[in-house]
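Now for the letters of each chain:
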Amino acid sequence: MLTYTIRRLLLAIPTLIAISLIIFLLLDLAPSDPTANLPLTIPPDVREKIRQSLGLGDPIYIRYLLWCKQFFVNEPLNMLEQWFGWDIGGDRLRVLSWQTRSPVVDLIVQRMPQTLWVVGMSYVVGVLIALPIGIISAYRQYSWFDQVGTFVSMVGFSVPTFFTGVLVIVIFSVWLGWFPSIYDTTHQVTDWQSFLFQIKQMIMPVAVLALFNAAQISRFMRASMLDNLNQDYVRTARAKGMRERTVVLVHVLRNSLIPVVTVIALGVPQIFGGAIITEQVFKVNGLGQLLIISIQGGDLPTVQTLTFIFAVLIILFNLVADVLYGVLDPRIRYD
Amino acid sequence: MLGALAAVAIAPPALAERGSDGHVNIIYWQAPSTMNPYLSGGTKELEAASLVLEPLARYDQDGNMVPWLAESVPTVDNGGVSADLKTITWKLKEGLVWSDGSAVTSADVIFSWKYCTDPEGGCAQSEKYNDVADVKAVDDRTVTVTFGVAKPFPYGPFVGAQAPIIQAAQFADCLGAKAPECTDANFGPIGTGPFKVTEFRPNDVISFEANSNYRDPAKPAFATVTFKGGGDTAAAGRAVLETGEFDYAWNMQLAPDVLAAMASKGKGQVVSAFGTLVERIMINLTNPDPALGDERATAKHPHPFLSDPAVRQALSMAVDRELLVEIGYGDAGRPTCNVLPAPEIYKSTANDGCMAQDVEGAKKLLDDAGWVPGADGVRQKEGVRLSMLYQTSTNAVRQDFQALIKQWWADIGIETELRNIDASVFFGGDPGSPDTFQKFYADIEMYANNFDGTDPESYMANWECKQAPTPETQWQGNNMPRYCSEDYDALVAQMAQTGKLEERAKLAKAMNDKLMQEYIIVPLVDRGRVSAHSNTLGGVVLNVWDSELWNIADWNRMK
């Protein structure tokens, strides 16, 4: 297993370099102009000077190599300096965002907490809801519970979050006035009161996203349970006189979870990608909002860095899912 | 006169105590990316920065200039501007300090000019410093700006939210190519304004606290400000007008009925103010026929029927401007008959007849000019049919306008074909594209434009003969109708030599009237700025000539 993991990690390096080049080319060839959003009153020659000062005058391969140097050499060195208090020295230019003119990595670090709190929490909540629903739906297939579960899943699947988000804002913020409609990213949890406020402002975005996540995962769980419930080993277990509870929750559930765990692991990178629409609707201003604002503003270094980090996470969690599969299912061996 | 007005505007009511009104929440649905207005031309950044950074003089809600960091506004009359209009001398107020306690000196003013004009800095506001040859310190509080040419309107540098004074000590190592690397300075500039930055989260939220060194000891009334950014217009409006979470929301570009429904909740109110933004129809005086090849839409070929003033006048008379405003903009618009609708002293009243729609009059005018309806109802003369292509950018309101106007023109016997082009292409100015508003490969086009600040000199010069976009100028230029009149050019030249405000106003009005009365441009709607504030927030004076937050020092909580 270890050699397999190492082999996969080594293979990931050329893949990631290819991905970074493709992202860079895609962004660069797409028509986007960082000065396009400026007011009409700013004359064309000033716009040209702004573009030059952003380095857009250099040829494409120089800009790509510069980004590679900044991202793969300068940023890690900078991180080492910060973490261990070393002084490596040298004048290193970091990856700078065009919109804010500040280091992209600092922006990402700043955005990470609210994204992990809101989107991450919604994933956890979604999983916690989905598993029992999937289990009961499968065990009592075609019962009213299964029907309702199927209906809710279909709603969660098919109704987009920009609709459910605005709907819950109108109901719970405007009509009832229970929760704030705008997320306060500067809020610090210091005592019980502030913790309650944090819960209040997280409820709506977490609920909207959790519904979406739960819909997906509960269907997987249900299908996987159904596959296993008809297996011979289940009949054997029952024939041995085991309690129904043990049969379902120990024998069937453990085997059914194997593919579901993989699906859950593969979904983790999405948390870091943020939920672009939900973050916009609730003004959470996390990584998803950073990405969309950067795309709108033609801020190529930020888009490039963010999408590349997402690519790294996706490759990493693919590997995690494969390894987990091997750990959970003794029938699967990679070496 | 300006001085007297300024004294009234600045006079402190001295009722409240600094910071006594607690906290105020502001929401901008576009989030500011930086606090340095020189590194971003965006309105959101200018306005966020205006809480901290201030210019020598700025504009009030009526477009009058008021001294801000300067003692008074220099003019030729008070000797501050030289007789040859080449130098202007500003004097800073006495005892001004930065929020860190150090004194504001002429060195800071000179530095601000150097910072923005560094060729490698990519300063977005460098146009404000056009023609500045030198800025010299006379003493610690006095600077003289010297222009390379005579400047009848010398109030570009250091005036308005676009060109504030930054602290030389803080930005000393940030000149030119180094500018973007000074993240701390760009995110937390030290200023003279009523607030200072405590935390800046780019593209998200800014926290401010009252500047303890602010020059008026009684202000600002608020101790802290949260400036949240992001989301969408409707959400921002909802947060102020429906849930009351926020006190002030900027730029409420919403459909009139949506905004009215929100305002009816009674938590806040919608305020609007009008500047110079005019939605207008441009008439092509040249022939855009593709058969003409390279000479298409150039002055070599006059338009077959739009060169007839009677047709142009009929187009304007057939339009019901009141209805357009009602459908498209509500409180955020008002009908206008001028392409130069403001400030007040420049506003002509000579063309107000256009307010009333006059379909019968338009028909008669065309009849008299010899354009008679053919078998299909479209008027024609000597084989020329009144059939036009009408283009604009893709935008729901503009497409509504197109459909309405097409109908009105059909009523007077003019056939119209509609076309809309994506805004980034239409306004993109790419000389390789046939669809830009400069190339104007159509008979009629519609868009909105305005000018920065209050001085219309360069705006009115847009319709000079030489400003016409042509293949020789790579289709650059602002004279979309390709209007060419010696009289008009003479007025433009005269304005460039005239320093007295009243004289300048007369000239600007004359130019506006000429364009209107020859029906070169058909103005439709004067589009205003709309914002919303909570009923408990006092002191808001909406200002379209400067930052909307220009008087935040005077804001207070109404009890």
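Everything quoted here is computed from the prediction, not taken from an experiment.

Conventions and cut-offs
- Residues numbered from 1 in each chain as written.
- Chains lettered and ligands numbered in written order.
- Predicted model: local features only at pLDDT ≥ 70, side-chain atom pairs only at ≥ 80, totals over all residues.
- Heavy atoms only, no water.
- Helix = DSSP H or I, 4+ residues; strand = E, 2+ residues; numbered from the N terminus.
- Rg over C-alpha atoms; globule rule 2.2 N^0.38 Å.
- Buried < 20%, exposed > 50% of the residue type's maximum accessible area, 1.4 Å probe, protein only.
- Contact = heavy atoms within 4.5 Å.
- Areas by Shrake-Rupley, 256 points an atom, 1.4 Å probe, with all protein chains shown as cover.
- Lys, Arg positive; Asp, Glu negative; His and termini not counted.
- Charge placed at Lys NZ, Arg CZ, Asp CG, Glu CD.
- Buried area = accessible area lost by both parts, 1.4 Å probe.
- Salt bridge = Lys/Arg side-chain N within 4 Å of Asp/Glu carboxyl O.
- Nonpolar A, V, L, I, M, F, W, Y, C, P; charged D, E, K, R; others polar.
- Domains from an automatic or database assignment.
- Disulfide = S-S within 2.5 Å.
- Pairing = 2+ DSSP bridges.
- Axes fitted to C-alpha atoms, helices over the stretch in contact; angles between N-to-C directions.
- Parallel < 35°, antiparallel > 145°, perpendicular 65-115°, else oblique.
- Left-handed = near helix turned anticlockwise from the far one by under 90°.
- Core = buried A, V, L, I, M, F, W, Y, C linked by side-chain atoms within 4.5 Å.
- Polar contact = N/O pair within 3.5 Å; in protein donor to acceptor, adjacent residues only side chain to side chain.
- pLDDT = per-residue confidence, 0-100.

Here the focus is the overall build of chain B. Helix and strand content of chain B: 15 helices and 21 strands. Relative to its length of 559 residues, chain B is compact, with a C-alpha radius of gyration of 25 Å against a globular reference of 24 Å. Projecting the C-alpha coordinates of chain B onto the three principal axes gives extents of approximately 80 × 55 × 45 Å. By residue count, 58% of the 559 residues in chain B fall in the buried class. In chain B, once contacts between residues fewer than 6 apart in sequence are set aside, the share between residues at least 24 apart is 68%. Element-wise, carbon and sulfur atoms account for 51% of the exposed surface of chain B, whose accessible area totals about 20,700 Å². Put simply, chain B has 47 plus and 74 minus side-chain charges, and the middle of one group is 1 Å from the middle of the other.

Bringing the interface of chain B and chain A into the picture now. Counting residues at the interface gives 46 residues for chain B, matched by 39 residues for chain A. Across the chain B/chain A interface, buried area totals approximately 3,300 Å², and carbon plus sulfur atoms make up 55% of it. Broken down residue by residue, the surface that chain B buries against chain A is led by B:Arg201, B:Asn203 and B:Arg238, which jointly contribute 16%. For the pair chain B and chain A, the interface holds zero salt bridges. The class makeup of the residues in the side of chain B that touches chain A is 15 nonpolar, 18 polar and 13 charged.

Residues and elements named next belong to chain A. When its domains are assigned, chain A resolves into domain 1 (2-84) and domain 2 (106-328). The distance between the C-alpha centroids of domain 1 and domain 2 comes to 31 Å. Between domain 1 and domain 2, the contact holds 20 residues from the first and 19 residues from the second. Carbon and sulfur atoms make up 73% of the surface buried where domain 1 meets domain 2, a total of about 1,600 Å² over both sides. Per-residue buried area on domain 1 facing domain 2 is highest for Leu-16, Leu-27 and Trp-67; these three make up 30% of the total on that side.

Next up on the list: the state of the cysteines. All names here are of chain B. Considering all chains together, one arrives at four disulfides over all chains under this definition. Two residues, Cys-116 and Cys-123, share a disulfide whose sulfurs are 2.0 Å apart. One quick way to see it: the torsion about the S-S bond of Cys-116 and Cys-123 is about -75°, and its sign makes the bridge left-handed. Residue Cys-116 shares its accessibility class with Cys-123, and that shared class is buried. Shown here is the disulfide that connects Cys-337 with Cys-354, its sulfur atoms set 1.9 Å apart. Taking the sign of the torsion about the S-S bond as the criterion, the disulfide between Cys-337 and Cys-354, at about -95°, is left-handed. Of this pair, Cys-337 sits in the loop between β12 (333-335) and α10 (359-368) while Cys-354 sits in the loop between β12 and α10, and the two are 17 residues apart along the sequence. Pair check on accessibility: Cys-337 and Cys-354 agree, each one buried. For chain B, numbering the cysteines in disulfides from first to last along the sequence yields the connectivity 1-2, 3-4, 5-6, 7-8.

Residues and elements named next belong to chain B. Pairing is antiparallel across the open sheet formed by three strands, whose spatial order is β13-β14-β15. What marks the edges here is a single partner per strand, and that holds for β13 (372-373) and β15 (384-385). Across two bridges, β13 lies against strand β14 (residues 379-381) in antiparallel orientation. Residue pairing for β14: Pro-373 is matched across the bridge by Arg-379.

On to the packing of helix α9 (residues 321-328) of chain B against helix α11 (residues 396-411) of chain B. All names here are of chain B. At their nearest, the axes of α9 and α11 sit 10 Å apart, and the two run at 150° to each other. Judged on the interaxial angle alone, α11 and α9 are roughly antiparallel. The handedness of the crossing between α9 and α11 comes out as right-handed. Residues Leu-323, Leu-324, Ile-327 and Gly-328 of α9 form the contact with α11, whose own contacting residues are Val-397, Asp-400, Phe-401, Leu-404, Ile-405 and Trp-408.

B:Trp90, B:Phe208, B:Ile281, B:Trp409, B:Trp463, B:Leu515 and B:Leu524 are the most contacted members of the largest nonpolar core, which has 153 residues in total. Aside from chain neighbours lying at most four places away, what touches B:Trp409 is B:Ile281, B:Leu315, B:Ala318, B:Val319, B:Met388, B:Tyr390, B:Ile414, B:Thr416 and B:Ile444. Formed by 27 residues, the second largest nonpolar core is a distinct cluster that contains A:Ala130, A:Ala214, A:Val247 and A:Leu253.

Residue and element names in this part refer to chain B. Mapped onto the fold, Thr-142 is located in strand β6 (residues 142-147). Put simply, Thr-142 and Ser-207 are 65 residues apart on the chain and 33 Å apart in space, counted from C-alpha to C-alpha. The contact partners of Thr-142, leaving out residues within four places of it in the chain, are Thr-89, Trp-90, Lys-91, Ser-106, Lys-136 and Ala-137. There is a polar contact of 2.9 Å between the side chain of Thr-142 and the side chain of Asp-139.

So, on to the sheet that holds strand β5 (residues 132-139) of chain B. Residue and element names in this part refer to chain B. Spatially, three strands are ordered β4-β6-β5 in an open sheet, and the strand pairing comes out antiparallel. Where the open sheet ends on each side, the last strands, each with one partner, are β4 (87-91) and β5. Pairs of neighbouring strands in the sheet enclose a mean axial angle of 20°, with direction left out of account. Each of β5 and β6 is contacted by helix α3 (residues 106-117), which is oriented at about 170° to β5, the strand it contacts most.

This part is about the confidence of the model for chain A. The predicted model of chain A has a mean per-residue pLDDT of 87, with 98% of residues at 70 or higher. Predicted confidence in chain A is weakest over helix α2 (residues 44-53) of chain A, with a mean pLDDT of 81, and strongest over helix α7 (residues 192-229) of chain A, with 91.

For the bond running from B:Lys219 to B:Pro220, omega is -5°, close enough to zero to count as cis. The residue B:Pro220 is located in the loop between β8 (205-210) and β9 (224-229) in this model. In this chain, B:Ala342 is followed by B:Pro343 through a cis amide linkage whose omega measures -10°. Along the chain, B:Pro343 falls in the loop between β12 and α10. Positive phi values are uncommon outside glycine, yet A:Asn285 reaches one of about 50°. Mapped onto the elements, A:Asn285 comes out in the loop between α10 (276-282) and α11 (287-296). Exposure remark for A:Asn285: the relative accessible area of 0% places this residue in the buried category. A positive phi is found at B:Phe440, a non-glycine position, where the angle reads about 55°. Tracing the backbone shows B:Phe440 in the loop between α12 (423-426) and β18 (444-449). Of the residues examined, B:Phe440 reaches a relative accessible area of 0% and is grouped as buried.

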